Amino acid sequence: MASEPRNMSALRYKPIKVKQLHLTQSELHSNPLITNNMELKKFNCCICGKEEDPNEWVKDCSEKLVKYQMCFTCNHWREQHELDHTTRGEHGWAVINGSHYTLYPHTNGIRGMYGRTYKIEFNDGAVVDCDNLWHQGDLNKAAKYWRELMPDNAVIRQ
Ligand SMILES: [Zn+2]
């Protein structure tokens, strides 16, 4: 795992409640990572320190990376954390051994995890059977910041 940057500017990051896809005009003009010609500069992620070139991504994505000064991976986890605490709701997501999952209702269409039924027991005692579970990734492979922000909240019962 990459070492954490010394000046842990991750503390500057405060999860927001409202999703905003594009930078506002004032954010565009005040952001030091954007030149006067509206070119995006390379930067180091404020969470893990990795160098990120926002120009490698499509506009919707690159603007978010610049807005939060995060690499692609850290921004992925930022979005997961925000969705967990806004639209997904209680028992709509789970972190199990560091793996992040979302729980969706049964559908006759494509189901996550090949449609296998999992019995998920949350830390609050709720037990949910889900045959449409989707995996967003392994927080154990992310910067320590995200693993600490998103501890396990459930286990799988067989
Ligand atoms: Zn990062």
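Quick note: structure is the one above.
Reading guide: rules and limits
Residues numbered from 1 in each chain as written. Predicted model: local features only at pLDDT ≥ 70, side-chain atom pairs only at ≥ 80, totals over all residues. Helix = DSSP H or I, 4+ residues; strand = E, 2+ residues; numbered from the N terminus. Buried ≥ 20, exposed ≤ 12 C-beta atoms within 10 Å, placed from the backbone. Contact = placed C-beta atoms within 7 Å. Core = buried A, V, L, I, M, F, W, Y, C linked by C-beta atoms within 7 Å. Domains from an automatic or database assignment. Pairing = 2+ DSSP bridges. Axes fitted to C-alpha atoms, helices over the stretch in contact; angles between N-to-C directions.

Participant: Got a sec to walk through the overall build of the chain? Specific residues and values, please.
Facilitator: Along the chain, the regular secondary structure elements total four helices and eight strands. Looking at the chain as a whole, 23% of its 158 residues are labelled buried. Within the chain, counting contacts between residues at least 6 apart in sequence, those at least 24 apart form 59% of the total.

Participant: Would you mind going over the nonpolar core in detail, with residue names and values included?
Facilitator: One finds Cys45, Ile47, Cys48, Met70, Cys74 and Ala143 to be the most contacted residues of the largest nonpolar core, which totals 15 residues. Elements supplying a minimum of two residues to this core: helix H2 (59-68) and helix H3 (72-88). Taken domain by domain, this core gets at least three of its residues from each of domain 1 (17-80) and domain 2 (89-157). Ranked by size, the runner-up nonpolar core spans nine residues in total, among them Trp93, Ala94, Leu133 and Ala154.

Participant: How would you summarise the sheet that holds strand S5 (residues 118-122) if you had to cite specific residues and measurements?
Facilitator: By definition, the strands of a sheet pair up through backbone hydrogen bonds, in either a parallel or an antiparallel sense. The antiparallel open sheet is built from three strands, whose spatial order is S6-S5-S8. Strands at the two margins of the open sheet, each flanked by one partner only, are strand S6 (127-130) and strand S8 (154-157). The average undirected angle you get between the axes of adjacent strands in this sheet is 30°. Pairing between S5 and S8: four bridges, direction antiparallel. Across the sheet, residue isoleucine 120 finds its bridge partner in S8, namely isoleucine 156.

Participant: Residues and numbers for the environment of threonine 102, please.
Facilitator: Note that threonine 102 resides in strand S4 (residues 99-103). Counting along the chain gives 11 residues from threonine 102 to histidine 91, while the straight-line C-alpha distance between them is 8.6 Å.

Participant: Provide a residue-level description of the sheet that holds strand S7 (residues 133-138), including the pertinent values.
Facilitator: Strand order in the open sheet formed by three strands is S3-S4-S7, with antiparallel pairing between adjacent strands. One side of each edge strand has no neighbouring strand; the edge strands of this open sheet are strand S3 (93-96) and S7. Across the sheet, the mean angle separating the axes of adjacent strands is 25° when strand polarity is ignored.

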